[in-house]
Amino acid sequence: MKRIIAILALAFPLIAAAQNIPDSEWQIKTALMAVPEDYRDGAKVYGYNAQGEFVTLREGSNAYIALADDPNNPKFSTAAYHKDLEPFMARGRELKAQGKGFEEIFSTREEEVKSGALKMPDKSTLCVFTGEVNAETGEIENPYVRYVFYMPFATGESTGLPTTPTPPGHAWLMDPGTHRAHIMITPPKKN
């Protein structure tokens, strides 16, 4: 009996961790909420297996890639981006897995894009979908989408956009002059 209890005690953290990972069907369904409707059917979806490893949940046939919610983050968020951003996104995940923080990831990718070692498209899109998970139904409540349009090394002068946050619904340029320069569009939230 003691042996069974000891085995269960060792296994419990693994079982508990696996229980925090939603099934792949739910991950795919909610990840696709970030994808524009025109592209949902053929989008590739990345998510997490029962061990918490980042894996491909569904192969794709079009230009979109969707990311399922990170089960280690208490806030629900999915994202989708054009496949041309995949080298940039994959490199960020790789650096993060190595324990690098935001500033080091930013500067490493900046150097790699400038040197040509990391391919960054001259323009590409990213959609971020957030909301609150209803614990009983698993449905996403209070959904919200914001849009990001990457334009590496763009500046306020080259785009005519302000470089500081603007009221909801207005475009502005974040990280101007860098590899990560992007137009932010944050629609007003519904009350």
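You'll find the structure just up there.
This one's a predicted model, so the numbers in the text were calculated from it and none came from an experiment.

Please provide a residue-by-residue account of the overall build of the protein, values included.
From N to C terminus, the protein includes 5 helices and 8 strands. Tracing the protein from N to C terminus, the helices and strands come up as α-α-β-β-β-β-α-α-β-β-α-β-β. Taking the contacts inside the protein whose residues are at least 6 apart along the sequence as the reference set, 45% of them involve residues at least 24 apart. Carbon and sulfur atoms make up 55% of the accessible area of the protein, which totals about 11600 Å².

I'd like to hear about unusual backbone geometry, residue by residue, with values.
Phi at N142 is positive, roughly 55°, even though this residue is not glycine. By the element assignment, N142 lies in strand β6 (residues 140–150). Positioned with a positive phi, D175 is a non-glycine residue whose angle comes to about 55°. Along the chain, the position of D175 falls in the loop between β7 (171–174) and β8 (182–185).

Calculation rules
- Residues numbered from 1 in each chain as written.
- Predicted model: local features only at pLDDT ≥ 70, side-chain atom pairs only at ≥ 80, totals over all residues.
- Heavy atoms only, no water.
- Helix = DSSP H or I, 4+ residues; strand = E, 2+ residues; numbered from the N terminus.
- Contact = heavy atoms within 4.5 Å.
- Areas by Shrake-Rupley, 256 points an atom, 1.4 Å probe, with all protein chains shown as cover.

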